[in-house]
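Listed below, chain by chain, are the residues.
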Amino acid sequence: MKDARFDDSNIVFKKLADNSFICVVAKSHEIAKSFMENKNMTREITTEELWTYRQILNIPPYLLKSFYSRGYRILPVNDELDNIICSSTPEALGLALAGLGYTMVPEHHFTERDDLIALEWKESPHSDFGIYYHSNLDKHSGTGKFVKACANYYSLNR
């Protein structure tokens, strides 16, 4: 993710994609049922539609204190529910797969699965996703080839 505060004339940021959060839930969960029944339905959801369902919050331990103490949250949370807090995306996806609720994950953390459904969260904040590299990068070096391969991958898969 691009850090808006980072500034170094020797370092270049190559944007690969516009990244947002997606809502991931088991296909067997109540949230997913209407999307599964109507295959032509747009796969997007709003905070209001999710508000009454348990959320699986994916918060790394180093962010946990600031998540609750500063009063600002990237993701809306209904504190009236018995939500689950975990520390990694794989853990959150496993809990969602078990049918324990839904989770919001950055879209670059999710790979399509037969047993989970990903829904576009309409109110999601967006951020540039990409790669940083030195400004005098040799395009024929291993790093240069890697940057090019990443750019090609994201241009084909978006």
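Look above for the structure.
Chemist: Provide a residue-level description of the pairing of strand β5 (residues 102-106), including the pertinent values.
Modeler: In terms of burial, β5 is largely enclosed, as 5 of its 5 residues are buried. Because side chains alternate across β5, one face comprises the buried residues Y102, M104 and P106, and the other comprises T103 and V105, equally buried. Two elements, strand β1 (residues 11-26) and β5, share 4 bridges in a ladder whose sense is antiparallel. For C23, the partnering residue across the bridge sits in β5 and is M104. Here 2 bridges tie strand β3 (residues 55-58) to β5, and the two strands are oriented parallel to one another.

Chemist: An account of helix α4 (residues 89-97) is needed here, citing residue identities and associated values.
Modeler: Listing the buried residues of α4 in full gives T89, A92, L93 and A96. The buried residues of α4 all sit within an arc of 95° when viewed along its axis, so they share a single face. Residues of α4 that are buried sit in contact with β1, β3, β4 (84-86), β5 and β6 (116-121). Its side-chain oxygen 3.3 Å from the backbone nitrogen of E91, S88 forms the N-cap of α4. Phi for G99, located one or two positions after α4, is positive at around 85°.

Chemist: Got a sec to walk through the packing of aromatic side chains? Specific residues and values, please.
Modeler: Aromatic ring pairs are reported here in terms of the distance separating the ring centres and the angle at which the planes meet. Counted according to the given criterion, the structure contains 3 aromatic pairs. Measuring from ring centre to ring centre gives 5.1 Å for Y153 and Y154, while their planes differ by 85°; the resulting arrangement is edge-to-face. Among the residues examined, Y153 registers a relative accessible area of 47% and is labelled partly exposed. Residue Y154 is classed as buried on the basis of its relative accessible area of 15%. An aromatic cluster of at least three residues, connected via ring pairs, comprises F129, Y153 and Y154.

Analysis parameters
- Within each chain, residues carry numbers counting from 1 in the order of the written sequence.
- Selection of residues for local features in this predicted model requires a pLDDT of at least 70, selection of side-chain atom pairs for listing and counting requires 80 or more, and totals for whole chains, interfaces and linings are taken over all residues.
- Side-chain calculation: all heavy atoms of the structure are included, whereas hydrogens and water are not.
- Only protein chains enter the area calculation, which uses a 1.4 Å probe; residues under 20% of their type maximum are buried, those over 50% are exposed, and those in between are partly exposed.
- Every helix listed is a DSSP run of H or I at least four residues long, and every strand listed is a run of E at least two residues long, numbered separately from the N terminus.
- For two strands to count as paired, DSSP must find a minimum of two bridges between them.
- Here the arc refers to the directions that run from the helix axis out to each C-beta atom.
- It only takes one pair of heavy atoms within 4.5 Å for two residues to be counted as in contact.
- Within 3.5 Å is the distance limit for a polar contact, defined as a pair of N or O atoms, with the added protein rule that one can donate a hydrogen and the other accept it, and that residues adjacent in sequence qualify only through two side-chain atoms.
- Each aromatic pair joins two rings of Phe, Tyr and Trp (for Trp, the six-membered one) with centres within 6.5 Å, and gets the label stacked for planes under 30 degrees apart, edge-to-face for over 60, and tilted for any other angle.

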